Structures are given as C-alpha cells and as structure tokens.
Amino acid sequence: MYKQQKQTKFFFNQDAKNWAARSDFKTNKTFNIIQERNSYVIRQIKKYNLKSLLDVGCGIGDLCYLAAKEIRSSVGIDYASEMIRIAKKKFKKKNLNFINESFFKYEPENKFDCISANGFIEYISLNDIKKFLEQSNNLLNKNGYLVFGTRNRLFNLFSLNKFSTNELRKKSFKNFYEESILLNQLQLNDFIKLKKNKFEEVPFKQPMTNINVDKRHQFSPLQLVDILLKHNFKIIDIHPANYHPVMPSLNFKNKKYKGFAHHVFNLNDKNKLPYIPFSSTFMITAKKA
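For the structure given in this document, a descriptive report is provided here. (Residues numbered from 1 in each chain as written. Predicted model: local features only at pLDDT ≥ 70, side-chain atom pairs only at ≥ 80, totals over all residues. Heavy atoms only, no water.)

### A closer look at the nonpolar core
Here comes step 1: Counting 43 residues, the largest nonpolar core has Leu54, Val56, Phe132, Leu146, Leu224, Leu228 and Ile238 as its most contacted members.
Here comes step 2: Ignoring any residue separated from it by four or fewer positions in sequence, one finds Val56 in contact with Ile77, Phe103, Ile115, Ser116, Ala117, Asn118, Phe120 and Phe132. (Core = buried A, V, L, I, M, F, W, Y, C linked by side-chain atoms within 4.5 Å. Buried < 20%, exposed > 50% of the residue type's maximum accessible area, 1.4 Å probe, protein only. Contact = heavy atoms within 4.5 Å.)

And the structure:
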C-alpha cells in the first residue's frame, strides 16, 4: 500500500462518524455533495432499470441502502474497516451486503449491472485508476454501467483562490480554459469527439482541503473521456455536482447558495455541460462497450 492509500485509509477510518453525519439527510436538510452523488447514481439505476449494484469505496453504506430499495442485490466494498463497521450496524436488508476488502482483490461469484464509485479515483494512483477501469469492465455484466464522480480540475479556473493561482502558472491553463468554453457550446456527442487533454496528475502541490490527504486527484471531463474510451467504455452522460453560484469563499456563508446549487443539480435540461466548469465535482455514466 503506497502513501496516498495509507493516508486515505487512516483519514476515513478516523472520520467515519463525521462522514455518516454529513450523509444523513434527516439531520442535513440542505443537500451536500455526498447526497447529490448518491442521488445521481440512484437516478441512473432507475433510468436504465438496473438490478444489481457494486459500490466501490462505499463508506458508511448510505448509497447501497438506498439502492437496495430499488434493486435485487446491493453490495458495498471499502477497505476502511471503521466505515464498514458503521455500515453493517446502521443498514440491514436481506439484499444488502458490505465487504471490508480492496476492490482490486475482490472476486465475486456474480457480475453486476452497475458499478458506482463516488470520490474513489481521486485517492488512488493513475496506474490504479486504469486497473480500476479494467476490473470494472471485468465485473460488469454485458451492457453494464459504470457510474462515478470525481473532483473537477476545471473548477480551479473559476474558484478564484489558491487553486486558480496555481493553474494560471501552468501551460495547460489555456487547454483547460478552452475545454470550459467548449462545454458551454457543444452537446455531449460532439464534446466527447474533441482532442483530449492529457491524462495526468495535477502538476503542482494543491492547497489543503477538509480531507487530510496529501494527494487528491482532479480531472477534467476530457481527461476522463479519453481514458474511458481506451478501456472500452462508451460515455453516456456527464453531469455537474456541487455547483457553485459564487466562489467558494462566499459559498459556505449562505445556505441560499446551497439551495440554488441543488436547483441546478435537479434541472431537467437535456444538456447540462455548461454548468460543469462551475461545479467542484462532476459525475460520469459510461456503458460497457
């Protein structure tokens, strides 16, 4: 286990109770990023009539529990033992199962209609992200779906903070700015045909966030489109999450901003690509080719 994984495992074992509190809508009536990502996965399950789910990095199991109400079989896997302990204690259903194991070592008896992974790829190496896509392809049924969320590198350009300053110094700034403009001009089918930005780590030390891990990846949509296509996935949807109507320094000061952000998340617009540059996270649905 390399440093990034060790730090991630330690942090989420220590933070498990706080994470459980943040994901509980009964006590958090203002939607947050955890709840938006979970909601998106459930929507996709319903939309494509999927019957089985494997949630990678399932945390305290809230998404798996929600899915278990809709499908035949719901399985959550996480290598943070404290997360799995809370999940097993909090959620019980006959068609619900939680496993404390590495996804990369997991060998289930049956394949799945859907694999989800919210906030997972940002904590593993680029090489392991490729292995994640290979493993997902192997564990999905024919015509199965991969649904996952990731931190959005394009948001650095519009957050107007230290992230923005770091991006501005890089030659890649122009490429990401152009990608942001094209998100505002194109439909999905045309967007995914564009020349891709290089799949790589952010080439600077990032400012600290509330997740105490040294390295957390960020990617742009085109970076992930490229790697998904190379691993035999067809991109079905790219959707904004945690939209910011104002910069982060103001966004946390007024709950009305959060309400508007969730309004954007719920919009029925056929094309939601224009909202992505101003969202700290985006979701991708990809179908096994």
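### Structural notes on the environment of Ala80
Here comes step 1: Mapped onto the elements of the fold, Ala80 is located in the loop between strand S2 (73-78) and helix H5 (81-90).
Here comes step 2: Residue class for Ala80 comes out buried when judged on its relative accessible area of 1%.
Here comes step 3: In contact with Ala80, not counting residues within four places along its chain, are Phe12, Asn13 and Asn100. (Helix = DSSP H or I, 4+ residues; strand = E, 2+ residues; numbered from the N terminus.)

### A closer look at the sheet that holds strand S1 (residues 52-56)
Here comes step 1: One open sheet holds the 7 strands; their spatial order is S3-S2-S1-S4-S5-S7-S6, and the pairing between them is mixed. The open sheet has two free edges, formed respectively by strand S3 (96-100) and strand S6 (233-243), since each of these has just one partner strand. Between one strand axis and the next, the sheet turns by 15° as a mean value, whatever way the strands run.
Here comes step 2: When S2 meets S3, the two strands line up parallel, connected through 5 bridges. (Pairing = 2+ DSSP bridges. Axes fitted to C-alpha atoms, helices over the stretch in contact; angles between N-to-C directions.)

### Points about the pairing of strand S5 (residues 140-151)
Here comes step 1: Most of S5 sits inside the fold, with 9 of its 12 residues counted as buried.
Here comes step 2: Relative to S5, strand S4 (residues 112-118) runs parallel, the two being bridged by 6 bridges. Paired with Cys114 across the two strands is Tyr145, which belongs to S5.
Here comes step 3: The parallel pair S4 and S5, bridged by helix H6 (residues 126-139), forms a crossover whose chirality is right-handed.
Here comes step 4: Across 7 bridges, S5 lies against strand S7 (residues 279-288) in antiparallel orientation. Counterpart to Leu146 in the pairing with S7 is Ala286. (Right-handed = clockwise from strand over helix to strand, strands pointing away.)

### Description of the packing of aromatic side chains
Here comes step 1: Per the counting criterion, the structure on display carries 11 aromatic pairs.
Here comes step 2: Ring geometry for Phe173 and Tyr177: centres 6.0 Å apart, planes at 10°, overall stacked. Remark: Tyr177 and Phe173 occur in helix H8 (residues 173-183); sequence separation between them is 4 residues, near one turn of the helix.
Here comes step 3: The exposure class of Phe173 is partly exposed, given its relative accessible area of 22%.
Here comes step 4: The class for Tyr177 is partly exposed, based on a relative accessible area of 39%. (Phe/Tyr/Trp six-rings, centres within 6.5 Å; stacked < 30°, edge-to-face > 60°.)

### Section: the pattern of salt bridges
Here comes step 1: Taken as a whole and assessed by the stated rule, the structure comprises 9 salt bridges.
Here comes step 2: Here Lys230 makes a salt bridge to Asp226, at a shortest N to O gap of 3.4 Å. Residue Lys230 and its partner Asp226 are located together in helix H10 (residues 221-230), separated by 4 residues, close to a single helical turn.
Here comes step 3: Of the residues examined, Lys230 reaches a relative accessible area of 58% and is grouped as exposed.
Here comes step 4: In this structure Asp226 comes out as buried when scored by relative accessible area, which is 17%. (Salt bridge = Lys/Arg side-chain N within 4 Å of Asp/Glu carboxyl O.)

### Description of helix H12 (residues 255-266)
Here comes step 1: In this model H12 runs 17 Å from its N-terminal to its C-terminal C-alpha over 12 residues, within 8% of the 16 Å that 1.5 Å per residue would give.
Here comes step 2: Three or more residues of H12 are buried, namely Lys258, Ala261, His262, Val264 and Phe265. Along the axis of H12, the buried positions cluster into a sector of 150°, meaning they face one direction only.
Here comes step 3: The secondary structure elements touched by the buried residues of H12 are helix H3 (33-47), S6 and helix H11 (248-251).
Here comes step 4: Where H12 starts, the residue carrying a side-chain oxygen 2.8 Å from the main-chain nitrogen of Lys256 turns out to be Asn254. (Expected span 1.5 Å × (residues − 1). Arc of directions from axis to C-beta. Polar contact = N/O pair within 3.5 Å; in protein donor to acceptor, adjacent residues only side chain to side chain.)

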